[in-house]
Amino acid sequence: MRRVTWMVAVVMCLALVLAGCGIGKKDAGSIVKDLDHVISKADSYQASGSMILHTGSQPQEYQVEVAFSPEHFYRISLTNASKDVTQIVLRNEEGVFVLTPHLKKSFRFQSDWPENQGQVYLFQSLARSIIADKDRQFTTDNDAYVFDVAANYQNEQLSRQKIWLNKKTLAPTQVQVSDANQNVMVQVNFTKFEFDAKFDKDFFQMERNMTSWNMQTLPTMSDVKVTDANHPAAGVTDKNLTATGGQSDQSQPTTSTGTKTDATKSNAAASKPQSIGIIEPSYLPKDVVKQDITDMKLGEDAAVLLRYKGKYNFSMVEVRPQAKSVSLQPGDIVDLGFTIGVLTGEDKKTLTWTNDGVEFRLTTGDLPTNEMIKVAMATEGQSGK
């Protein structure tokens, strides 16, 4: 009996020694297999946190919320922490939507997004980048596994990323995306990540997300200088976007006597077409120069047209739009960092994005997509002239 007890004690001591030497700990290969199993199950998840961009002259912080359902529906909410402006990306059975609720503006189009491109705040994108990189680097950090892998994003400046995964759940806790000089350009910190999340039936529907966002952070009309949806413009077909614009169905509040409230009258005054300051990008491709600037109108809205020529030729329309819904041809979402853009067309491409109440439409027949993204990103932080 004593001999058996002694042998058990020896085995236990040996196990402790082996554990201290690292034997029995998970290696990168086994974690990759676990990750592959997790994403193949296609379970739901919900996450929130912050994203800090270091791509401009000053860091910009955004609050990020991500939701994914087993039906492969997505909801991503990006809120600019300093401007209190929210943009929402939805994917449901009707297609992909890019919503700007405070402008009462929505785009709907058909796309494989996000299956055809990575997003730094999506678990699937992070997991697949770890699985795909055969030259991945692996370390541990307290309660996290840390992978250093190649980045695969539309912005070619982003070359590598470090991803922290919780050791118990494999949920991401932090992401740092760097350029070729190892400068951190994007950082995401997840403060909450829940697998097997439950959602209301209409959680991923466009109507709910256009009306139930946080009204407490709604900028005033003077802050964003946009027109009101109570007096929408007539439907406009824009050949650059190959899209037909329609009006949002907005009702006007009335008093018990059937007259408009003072607030509605104020909104009616705000809905008059406003002049727009000209915003010029701080970056242009080599051997490209500005040709001219022309005032124009899109329906009821005052706009400006900037044309550029040289090695590449493109135009950019800037307008403060009235509220409307737009259905586009097949397209893709383009992550510009400070906002979400929509890229449509093939031979003639148009990149559309909204920032500070201004809608931009960059159209070209020969400018490469990566250069379109650079020009679009170079409009951030530029003041209207």
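Summarised in this report is the structure supplied together with it. (Residues numbered from 1 in each chain as written. Predicted model: local features only at pLDDT ≥ 70, side-chain atom pairs only at ≥ 80, totals over all residues. Heavy atoms only, no water.)

## Structural notes on the nonpolar core
Selection criterion: By convention a nonpolar core is built from buried Ala, Val, Leu, Ile, Met, Phe, Trp, Tyr and Cys residues, the set being connected through side-chain atoms within 4.5 Å. Each residue is placed in one exposure class: buried if its accessible area under a 1.4 Å probe, protein chains only, is under 20% of its type's maximum, exposed if it is over 50%, and partly exposed if it falls in between. Contacts are assigned to residue pairs that have any heavy atoms within 4.5 Å of one another.
If you look at the biggest cluster of nonpolar residues, it comprises 76 residues, and the most contacted ones within it are M51, V120, Y121, F147, V186 and W353. Those residues within four positions of V186 in sequence are excluded, and the remaining contacts are M51, I52, L53, V120, L158, V175, Q176 and V177.

## Quick look at unusual backbone geometry
Note the threshold: Helix numbering and strand numbering both begin at the N terminus, where a helix is a DSSP run of H or I of at least 4 residues and a strand a DSSP run of E of at least 2.
The peptide bond linking W113 to P114 adopts the cis configuration, its omega dihedral lying at 0°. Turning to its location among the elements, P114 is positioned in the loop between β6 (105-109) and α3 (123-132). Of note in the backbone geometry, D287 takes a positive phi value of approximately 65° without being a glycine. Within the element layout of this structure, D287 appears in the loop between α6 (262-270) and β14 (288-298). If you check the backbone angles, D356 has positive phi at about 55° while not being a glycine. Relative to the elements of secondary structure, D356 occurs in the loop between β20 (349-355) and β21 (358-364). Note on D356: relative accessible area 46%, which makes it partly exposed.

## Side note on the pattern of salt bridges
Put simply, the rule reads: Here, a salt bridge means any Lys or Arg side-chain nitrogen found within 4 Å of an Asp or Glu carboxyl oxygen.
For the structure on display, the rule yields 11 salt bridges. Taking the shortest distance from any N to any O, the salt bridge between D200 and R208 comes out at 3.2 Å. Residue class for D200 comes out partly exposed when judged on its relative accessible area of 49%. You can call R208 partly exposed: its relative accessible area is 26%. Each of the salt bridges in this network shares a partner with another, and the network as a whole consists of K105, E359 and R361.

## So, the environment of I340
Positionally, I340 belongs in strand β19 (residues 340-344). Along the chain, I340 and V98 lie 242 residues apart, while their C-alpha atoms are 7.6 Å from each other.

## Section: the pairing of strand β16 (residues 314-319)
Successive side chains on a regular strand alternate, one facing one side of the sheet and the next facing the other. Threshold: Pairing between strands is defined by DSSP: at least two bridges between them are needed.
When you tally the buried positions in β16, you get six out of six residues, the bulk of the element. Every second residue of β16 is oriented toward a common face, with F314, M316 and E318 on one face and S315, V317 and V319 on the other, all of them buried. Connecting the antiparallel pair strand β15 (residues 301-310) and β16 is a turn made up of three residues. For β16 and β21, the ladder comprises six bridges, and the chain directions are antiparallel. Across the sheet, the residue bridging to V319 is E359, located in β21.

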